[in-house]
Amino acid sequence: MSMLDVKAIQERSDRHPKPSDIKFQYGTAGFRTLGKTLDSVLFRVGVLAALRSKKLDGKTIGVMVTASHNPEPDNGVKLVDPRGEMLESSWEAHATILANAPDSVAFVAAVDELVQTSKIDLSIPARVVFARDTRPTGPQLIAALKDGLEAIKAEYRDAGITTTPVLHYLVRTINTKGTQDSYGEDTEEGYLTKISDAFKKLLAGKATPPPLLIDCANGVGALMAEKFKAYLGDAFSINLVNADIHTVGALNNSCGADFVKVNQKLPPSITLQPGQRACSLDGDADRLIYYYADEHGQFHMLDGDKITTLVASFIVELVKAAGLDEQIKVGVIQTAYANGSSTKYLSGRLPVKCVPTGVKHLHHAAEQYDVGVYFEANGHGTVTFSPAAQELISSCKSSNLSQSATLTQLKNVIDVINQTVGDALSDAFLVESVLAHKSYSGVEWDSLYCDLPNRLVKVVVSDRNAFVTEDAERRLVSPLGLQAKVDELVRRYEGGRSFVRPSGTEDVVRVYAEAVTRAEADELAFRVAGLVYDEAGGDQSRRPKEFL
Ligand code: NG1
Ligand code: ZN
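If you're wondering where the values come from, they're calculated on a predicted model, not measured in any experiment. (Residues numbered from 1 in each chain as written. Chains lettered and ligands numbered in written order. Predicted model: local features only at pLDDT ≥ 70, side-chain atom pairs only at ≥ 80, totals over all residues. Heavy atoms only, no water.)

(A) View of the site of ligand 1. Taken together, Arg287, Tyr337, Thr357, Glu376, Asn378, Leu456, Arg501, Ser503, Gly504, Thr505 and Arg510 form the complete shell of residues around ligand 1. Within the backbone of Gly504, an N or O atom sits 2.6 Å from an oxygen atom of ligand 1. A breakdown of the residues in the shell around ligand 1 according to their chemical character gives 2 nonpolar, 5 polar and 4 charged. (Near = heavy atom within 4 Å. Polar contact = N/O pair within 3.5 Å; in protein donor to acceptor, adjacent residues only side chain to side chain. Nonpolar A, V, L, I, M, F, W, Y, C, P; charged D, E, K, R; others polar.)

The following block contains the structure:
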């Protein structure tokens, strides 16, 4: 094994001192906090990404600089493994250790320790591709990242300002280039072409859908959506709103997927005509929330659960029509945040599994099926096809014209989807394809099942790690006795359901509740939030007024 250039790393690391008062944590979305505090983290992530690449025989690792739906001053960074998936969990702990080394000497020691314990061969080259979203802190953070990559002499490719799903796509295509698993051309044009071609083929012969209004959250999705316009031509029109990536403070501000999902209302910048549908992306374009106005102009939201239902039902139908339903099993993965009505609707039709929050859990569980459909209620999701299922679909000999057409549709569905990670634009094109095939408007799509009213509340506590869950986060094991109190409250509400879990991305505990009426869902959520606040020893003088 060749040696680490300790001196070079330590010297460069000195230019990126760790703030002494911050403890960083690699959570479900990587490191995420105020952008201006992340300089040392980015430097160290550069070194870490290179080590991960060496560990995986020089495969290309992705680094995305974004804080997604969070406020503009936040930023973050996450690593992407060679197949375009989230960093393997065991390395999350390594990331946290490297990020928290108090100074450059301790950092180099931590790196050395990682090299030894993970048996990393330093003579193997390291390759990294990185990108960032539109946040103002992005350029400085990328400079720190490059410094880390250069310190350890990694080869890198700068993918510029692009969406999270494009970066994941690039990682997968770079690593499969020239192999029989090739996922496409390893460029942004390759991405735009692959997805738009499949979408246009899915729309062929159908009535052209009405133009789609896309709320871009004033983020990087606006750039990508704008590029798609040229590729889609006359086949499909998109109109962009909240596409201002230059005004400071505009990102995710009163717009975007998270705003719509959390507030369950339209961004104030949007007015819908009766019957019109639209969708919102989040700040890095990996989440998608749809909505429409009914004939009275009333707003209705179509969230990740509604997308799951639409997409999974359509794929099941296609698989059946292709005569492959014996060989290809379609499954759905949800988290505890899935609306109870969606779980009920889907469970009667196909296998449904509940896993802990976080894309890595969903994605992993999805890969256990031939076709795995997952969307978090907040609109982050995708569909995975096993290699065997893809092979079967592409090699299956059709016995008649209609079967042949169905097989072609399935192939196009596979290509329109970004299987590496949730991709708001690709997901929107998939949704539009299904709506066009079924001749559904928002109303028909919405009528598959009726959402139970629900409420999500944040509780600020001194130590969220005191909250430990089991059963895919649906029950608390600690603090002792709290779950029994929650159960006791839930019993008082018809159709009530509530659970408490610590957030993996923010320093809060989340409370979710649903019930048959809006008022009851709110009341249950605020009662449980009150319980949590008191249990955690919250200061009574600062107890939020709404907590009951
Ligand atoms: P946390 O903060 O762990 O609840 C949030 C979302 C997740 C997921 C991650 C990553 C909710 C309730 N939670 O996680 O679904 O998207 O962020 O971005 O929406
Ligand atoms: Zn996002």
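The discussion continues.
(B) Up close: the packing of helix 10 (residues 304–321) against helix 11 (residues 340–347). Where helix 10 meets helix 11, the axes come as close as 10 Å, and the angle between the chain directions of the two elements is 15°. Classed by the angle they form, the pair helix 10 and helix 11 counts as roughly parallel. Read as a crossing pair, helix 10 and helix 11 show a hand that is left-handed. Taken together, the residues of helix 11 that come into contact with helix 10 (itself represented by Asp305, Thr308, Thr309 and Ser313) are Ser342, Tyr345 and Leu346. (Axes fitted to C-alpha atoms, helices over the stretch in contact; angles between N-to-C directions. Helix = DSSP H or I, 4+ residues; strand = E, 2+ residues; numbered from the N terminus. Parallel < 35°, antiparallel > 145°, perpendicular 65-115°, else oblique. Left-handed = near helix turned anticlockwise from the far one by under 90°. Contact = heavy atoms within 4.5 Å.)

(C) The coordination of the zinc ion (ligand 2), seen in detail. Only Ser68 (OG), Asp282 (OD), Asp284 (OD) and Asp286 (OD) from the protein reach the zinc ion (ligand 2) as donors, at distances of 2.0 to 2.1 Å. Taken together, the 4 donor atoms coordinating the zinc ion (ligand 2) span angles of 86 to 166° at the metal, a pattern that classifies the geometry as irregular. Here the donor residues for the zinc ion (ligand 2) map to a single chain with the spacing S-x213-D-x1-D-x1-D. One exposure class covers both Asp284 and Asp286, and it is buried. (Donors = N, O, S within 2.8 Å, 3.2 Å for Na, K, Ca; no water. Tetrahedral: all angles 85-135°; square planar, octahedral: opposite > 155°, others 65-115°. Buried < 20%, exposed > 50% of the residue type's maximum accessible area, 1.4 Å probe, protein only.)

(D) The packing of aromatic side chains, seen in detail. Following the criterion strictly, the structure yields 17 aromatic pairs and no others. Pairing Tyr169 with Tyr183 gives two aromatic rings, centres 5.9 Å apart and planes at 55°, and the pair type is tilted. Pair noted here: Tyr169 is in helix 6 (residues 164–176) and Tyr183 is in the loop between helix 6 and helix 7 (188–203), with a separation of 14 residues, a long-range link. The buried category is assigned to Tyr169, whose relative accessible area is 2%. Residue Tyr183 is classed as buried on the basis of its relative accessible area of 8%. On the basis of an interplanar angle of 70° and a centroid distance of 5.0 Å, the ring pair of Phe199 and Phe236 is categorised as edge-to-face. Of this pair, Phe199 sits in helix 7 while Phe236 sits in the loop between helix 8 (221–232) and strand 7 (238–241); the two residues are 37 residues apart in sequence, bridging distant segments of the chain. (Phe/Tyr/Trp six-rings, centres within 6.5 Å; stacked < 30°, edge-to-face > 60°.)

(E) Highlighting the sheet that holds strand 19 (residues 509–514). Pairing is antiparallel in the open sheet, where 3 strands are placed in the order 15-19-18. Whereas interior strands pair on both sides, the edge strands pair on one side only; in this sheet they are strand 15 (454–459) and strand 18 (497–502). Within the sheet, the average angular offset between the axes of one strand and its neighbour, ignoring direction, is 15°. (Pairing = 2+ DSSP bridges.)

(F) Here's a closer look at the sheet that holds strand 14 (residues 381–385). Spatial strand order, 12-11-13-14: 4 strands in an open sheet with mixed pairing. Edge positions in the sheet fall to strand 12 (352–354) and strand 14, since each has one partner strand and no second. Averaged over neighbouring strand pairs, the angle between their axes works out to 20° when direction is ignored. Pairing between strand 11 (residues 330–334) and strand 12: 3 bridges, direction parallel. Bridging from a neighbouring strand, Val332 pairs with Val352 of strand 12.

(G) Inspection of the environment of Asn339 at higher detail. For Asn339, the position within the fold is in the loop between strand 11 and helix 11. Residue Asn339 is classed as buried on the basis of its relative accessible area of 2%. Linking Asn339 and Arg497, residues 158 residues apart in sequence, is a C-alpha distance of 10.0 Å. Excluding its chain neighbours within four sequence positions, the residues that come into contact with Asn339 are Asp305, Asp451, Leu452, Asn454, Tyr512 and Glu514.

(H) Spatial organisation of the side chain of Thr96. Within the element layout of this structure, Thr96 appears in helix 3 (residues 89–100). Beyond its immediate stretch of four places on either side in the chain, Thr96 contacts Lys23, Phe24, Gln25, Tyr26 and Phe31.

(I) Spatial organisation of the pattern of salt bridges. Inspection of the entire model under this criterion finds 35 salt bridges. For Glu155, the salt bridge is made with Arg127, and the minimal N-O distance between the two is 3.5 Å. Pair noted here: Glu155 is in strand 5 (residues 155–161) and Arg127 is in strand 4 (residues 127–132), with a separation of 28 residues, a long-range link. Its relative accessible area of 45% is what places Glu155 among the partly exposed residues. A salt bridge links Glu488 to Arg492, with the shortest nitrogen-to-oxygen separation between them at 3.5 Å. On the basis of relative accessible area, Glu488 is assigned to the partly exposed category, the value being 36%. Salt bridges here are not isolated pairs; linked through shared partners, they connect Arg12, Arg15, Asp147 and Glu150. (Salt bridge = Lys/Arg side-chain N within 4 Å of Asp/Glu carboxyl O.)

(J) Inspection of the domain arrangement of the protein chain at higher detail. Here the protein chain is partitioned into domain 1 (6–161), domain 2 (189–299), domain 3 (304–446) and domain 4 (454–542). The gap between the C-alpha centroids of domain 1 and domain 2 is 32 Å. With 10 residues of domain 1 in contact, the opposing surface of domain 2 contributes 17 residues. The largest contributions to the domain 1 side of the interface with domain 2 come from His69, Glu72 and Thr134, which together make up 58% of the buried area. (Domains from an automatic or database assignment. Buried area = accessible area lost by both parts, 1.4 Å probe.)

(K) Inspection of the pairing of strand 13 (residues 371–375) at higher detail. Along strand 13, 5 of the 5 residues are buried, which leaves the element largely enclosed by surrounding structure. Taking every second residue as pointing to the same face, both faces of strand 13 are buried, with Val371, Val373 and Phe375 on one and Gly372 and Tyr374 on the other. Where strand 11 lies against strand 13, 4 bridges are found, and the strand directions are parallel. Looking at the pairing, Val332 lines up with Val373 of strand 13. Inspection of the sheet shows strand 13 paired to strand 14 by 5 bridges, in the antiparallel sense. Looking at strand 14, one finds that Gly372 is bridged to Thr384.

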